[in-house]
Amino acid sequence: MKYFSLDELCLSNRAARMGVKNEPNDEERENLVALVDNVLDPARAEIGHAVGVSSGYRCKRVNDAIPGSSKTSQHVKGEAADLVAGGPHENLRLAQIIVRQGKFDQLILENVGRKDLWPAWVHVSYKRSGQNRGQILKRVAGVPGYSVVSSSAVLNG
C-alpha cells in the first residue's frame, strides 16, 4: 500500500453523520489491501497524480443508508472503491489505465453522459478470492440501470 491508506478507504461522512463506526473486520481489511495492491496503487502510479477515494469500505448499516446502493455491494466486503482522478476526462483516463492493466472484477463508469464515456467517478472492484470477471459497465446520468461496455470502447474513449 503505497498511495492509499486503510483510513481513507474507510472514511465515510455518512457513517460519521449516523454515528456509526465504519470499521472492517480482518477479512474485509485483507480485501481492501488486495484491492489497493492489485488495482489502486498500480493505476495511481501510472496516472501520475493523486486519485481521491469518494467511497471505499462501507459497513452494512452505512451501505443500507445509501439510496440505490445494492444489498450485494462489494463495498461491504472491502472489495470496491469509487475513485475520482479529477474531471470526467481524467476519470476516463483512470478507467482506461485500469482496463489496460487488466486486474479488476468490475469497473463501472458512473454518471456518464448519453453520448460519451466521461464518468463523474469510477467504481472498481477486485476479488482477492475467486475469479475476477473483468466486467465493464456504465450508468448514464438520470437513466436507471447499467449497460455493458466493451474494453475497446473504454480504451478508445
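Residues numbered from 1 in each chain as written. Predicted model: local features only at pLDDT ≥ 70, side-chain atom pairs only at ≥ 80, totals over all residues. Heavy atoms only, no water.

Caption draft 1: Representation of the pattern of salt bridges. Per the counting criterion, the structure on display carries eight salt bridges. Of the charged contacts, one joins Asp105 and Arg133 as a salt bridge, the two residues approaching to 2.7 Å between their closest N and O atoms. Taken together, the residues Asp105 in the loop between α5 (88-101) and β3 (106-112) and Arg133 in the loop between β4 (121-125) and β5 (135-140) connect sequence positions 28 residues apart. (Salt bridge = Lys/Arg side-chain N within 4 Å of Asp/Glu carboxyl O. Helix = DSSP H or I, 4+ residues; strand = E, 2+ residues; numbered from the N terminus.)

Caption draft 2: View of the sheet that holds strand β6 (residues 147-148). The six strands lie next to each other as β1-β2-β4-β3-β5-β6, forming an open sheet whose pairing is mixed. Because the sheet does not close on itself, it has two edges, and the strands there are β1 (52-55) and β6. (Pairing = 2+ DSSP bridges.)

Caption draft 3: A look at the side chain of Asn91. One can find Asn91 in helix α5. According to the relative accessible area criterion, Asn91 is buried, its value standing at 0%. Residues within four places of Asn91 in sequence aside, it is in contact with Val84, Ala85, Gly86, Pro119, Ala120, Trp121 and Val122. (Buried < 20%, exposed > 50% of the residue type's maximum accessible area, 1.4 Å probe, protein only. Contact = heavy atoms within 4.5 Å.)

Caption draft 4: Quick peek at the pairing of β5. Two strands pair when backbone bridges link them, and β3 and β5 are joined in this way by six bridges, in the parallel orientation. Each residue of the ladder has a partner; that of Leu107, found in β5, is Ile136. As consecutive antiparallel partners, β5 and β6 are separated by six residues, and within that stretch Gly142 has a phi angle of approximately 80°, a positive value.

Caption draft 5: Main features of the state of the cysteines. Applying the stated criterion across every chain yields a total of zero disulfides. Unpaired in this structure, Cys10 has its nearest cysteine sulfur neighbour in Cys59, at a distance of 9.9 Å. For Cys59, a relative accessible area of 10% translates into the label buried. (Disulfide = S-S within 2.5 Å.)

Caption draft 6: A look at helix α3 (residues 26-47). The terminal C-alpha atoms of α3 lie 30 Å apart, and with 22 residues this matches the ideal 32 Å at 1.5 Å per residue to within 8%. Measuring from the side-chain oxygen of the N-cap residue of α3 to the backbone nitrogen of Glu27 gives 3.1 Å; that N-cap residue is Asn25. Looking one or two places after α3, you find Gly48, whose phi comes out positive at around 85°. (Expected span 1.5 Å × (residues − 1). Polar contact = N/O pair within 3.5 Å; in protein donor to acceptor, adjacent residues only side chain to side chain.)

Caption draft 7: Structural view of the nonpolar core. Ranked by size, the top nonpolar core spans 39 residues in total, and within it Leu40, Leu83, Leu94, Ile98, Leu107 and Val154 carry the most contacts. Counting only elements with at least two residues in this core, the list comes to α1 (6-10), α3, β2 (80-84), α5, β3, β4 and β5. At eight residues, the largest contribution of residues to this core is made by α3. Leave out the neighbours within four places in its chain, and Leu107 touches Ala95, Ile98, Val99, Val122, His123, Val124, Gln135, Ile136 and Leu137. (Core = buried A, V, L, I, M, F, W, Y, C linked by side-chain atoms within 4.5 Å.)

In short, geometric facts, not functional conclusions.
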